[in-house]
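# Remarks on the overall topology
Chain by chain, the residues:
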Amino acid sequence: MSANHDDHHDAPDGHGRALRLGIGGPVGSGKTALTAALCRSLGPSLRLGVVTNDIYTTEDADFLRRAGVIDPDRIMAVQTGCCPHTAIRDDIAANVDAVETLEERFGPLDLVIVESGGDNLTATFSRGLADRQIFVLDVSGGDKVPRKGGPGVTSADLLVVNKTDLAPMVGADLTVMSRDAAAVRDGKPVLFTSIREDRGAHSVAEWVAGVVDSWRHQHSHSHLS
């Protein structure tokens, strides 16, 4: 995972811990819905934990608990009290503490999802917090958004374009979005979905499961070598 912002935190050793997956994106793009969908799809096969970020509330964590997609005790809420990108990139201590608390209580875990609060196209996770990052856009902002770029769009390990069911209503051309996203992402994957229609976000879940498998293989292999 790379970014255009200076990252002052080192990636922690991966041995004996879960993959940490950051999910970022603008307000209303579907980050919490994607988190819930991944819990639905991956929960039966992976040991999960979730950390949510809101500035002043615990709204996203409360939503996930009500949805019943994961054991409520495995969801921790961070109230950042500041701009979302600060808590996931600059001052990551509260989020790291939450992740480590989940691993201490419920470990060993396979995957901890860290959902950022809503932010702009520059939002990226520090490598000290997230091993991989998904950035979520939605079509309601128009088909021009991917070509605007920004570190979130260009450097995330996976770009997800959500709410494709709304494209005809807002006049967004998905072909244009796909072409422009490919142009700015230098070969990194882009997936289109409608979580409203696919409550398990199965294409995204398949990608995440593959990343978790690779993480396990990489760290178990290097540990034994």
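Values in this document were obtained by computation on a predicted structure and should not be read as measured data.

Procedures and definitions
- Residues numbered from 1 in each chain as written.
- Predicted model: local features only at pLDDT ≥ 70, side-chain atom pairs only at ≥ 80, totals over all residues.
- Heavy atoms only, no water.
- Helix = DSSP H or I, 4+ residues; strand = E, 2+ residues; numbered from the N terminus.
- Rg over C-alpha atoms; globule rule 2.2 N^0.38 Å.
- Buried < 20%, exposed > 50% of the residue type's maximum accessible area, 1.4 Å probe, protein only.
- Core = buried A, V, L, I, M, F, W, Y, C linked by side-chain atoms within 4.5 Å.
- Contact = heavy atoms within 4.5 Å.
- UniProt positions renumbered as here; feature names shortened; annotations may be inferred.
- Axes fitted to C-alpha atoms, helices over the stretch in contact; angles between N-to-C directions.
- Left-handed = near helix turned anticlockwise from the far one by under 90°.
- Nonpolar A, V, L, I, M, F, W, Y, C, P; charged D, E, K, R; others polar.
- Polar contact = N/O pair within 3.5 Å; in protein donor to acceptor, adjacent residues only side chain to side chain.
- Pairing = 2+ DSSP bridges.
- Right-handed = clockwise from strand over helix to strand, strands pointing away.

Our next topic: the overall build of the protein. Counting its regular elements, the protein contains nine helices and seven strands. For 225 residues, the compact-globule estimate of 2.2 N^0.38 gives 17 Å, and the C-alpha radius of gyration of the protein, at 16 Å, lies within 12% of that figure. Dimensions along the principal axes, computed over C-alpha positions, put the protein at roughly 50 × 40 × 35 Å. Taken across its 225 residues, the protein has 50% of its residues classed as buried.

Moving on, we get to the nonpolar core. By size, the foremost hydrophobic cluster in this structure holds 31 residues, and its most contacted members are L34, L38, L42, L111, I134, V204 and V208. Of all the elements in the fold, those that place two or more residues in this core are β1 (19-24), α1 (31-42), β2 (48-54), α2 (59-67), β4 (111-115), β5 (132-138), β6 (158-162) and α9 (202-224). Residues contacting L34, with those up to four places away along its chain left out, are I23, I134, V136, I195, A201 and V204. Of all hydrophobic cores here, the second largest spans 15 residues; its members include V51, L102, L109 and V112.

Annotation from UniProt places "domain: CobW/HypB/UreG nucleotide-binding" (unreviewed entry) at residues 21-191. Taken end to end, residues 21-191 comprises 39% helix and 20% strand; its first and last C-alpha atoms sit 16 Å apart.

Structurally, T175 can be placed in helix α8 (residues 174-185). C-alpha of T175 to C-alpha of D143: the two residues are 32 residues apart in sequence and 8.9 Å apart in space.

Interhelical geometry of α1 versus α2 gives an angle of 35° and a closest axis separation of 10 Å. Considering only the axes of α1 and α2, their crossing is right-handed. Contacts between α1 and α2 involve T32, T35 and A36 from the former and D60, F63 and L64 from the latter. Looking at the contact of α1 with α2, its residues break down into three nonpolar, two polar and one charged.

Turning our attention to the side chain of N95. Tracing the chain through its elements places N95 in helix α4 (residues 93-106). Within polar-contact distance, the side chain of N95 engages the backbone oxygen of A87 at 3.0 Å. Look past the residues within four positions of N95 in its chain and what remains in contact with it is V51, N53, V78, A87, I88, V114 and L129.

The next point concerns the sheet that holds β6. Pairing is parallel across the open sheet formed by seven strands, whose spatial order is β3-β2-β4-β1-β5-β6-β7. Looking at which strands have only one partner, the edges of the open sheet turn out to be β3 (75-79) and β7 (190-192). With direction set aside, neighbouring strand axes in the sheet form an average angle of 20°. The sheet contact formed by β2 and β4 spans five bridges and is parallel. Counted as the bridge partner of T52 is E115 from β4. α2 rests against β2, β3 and β4 of the sheet, and its axis sits at about 145° to β2.

It is worth spelling out the pairing of β2 at this point. For a regular strand, the rule is simple: side chains alternate between the two faces of the sheet. Along β2, seven of the seven residues are buried, which leaves the element largely enclosed by surrounding structure. Residues of β2 alternate between two faces, with L48, V50, T52 and D54 on one and G49, V51 and N53 on the opposite face, all of them buried. Pairing between β2 and β3: five bridges, direction parallel. Bridge assignment links N53 to a residue of β3, and that residue is V78. In this fold, the crossover linking β2 to β3 by way of α2 has right-handed handedness.

We now examine the pairing of β6. Within β6, five of the five residues are buried, which leaves the element mostly enclosed by the surrounding structure. Of the two faces of β6, the one carrying L158, V160 and N162 and the one carrying L159 and V161 are both buried. In this sheet, β6 lies alongside β5 in parallel orientation, the contact comprising five bridges. Each bridged residue has a counterpart across the sheet, and for D138 the counterpart in β6 is N162.

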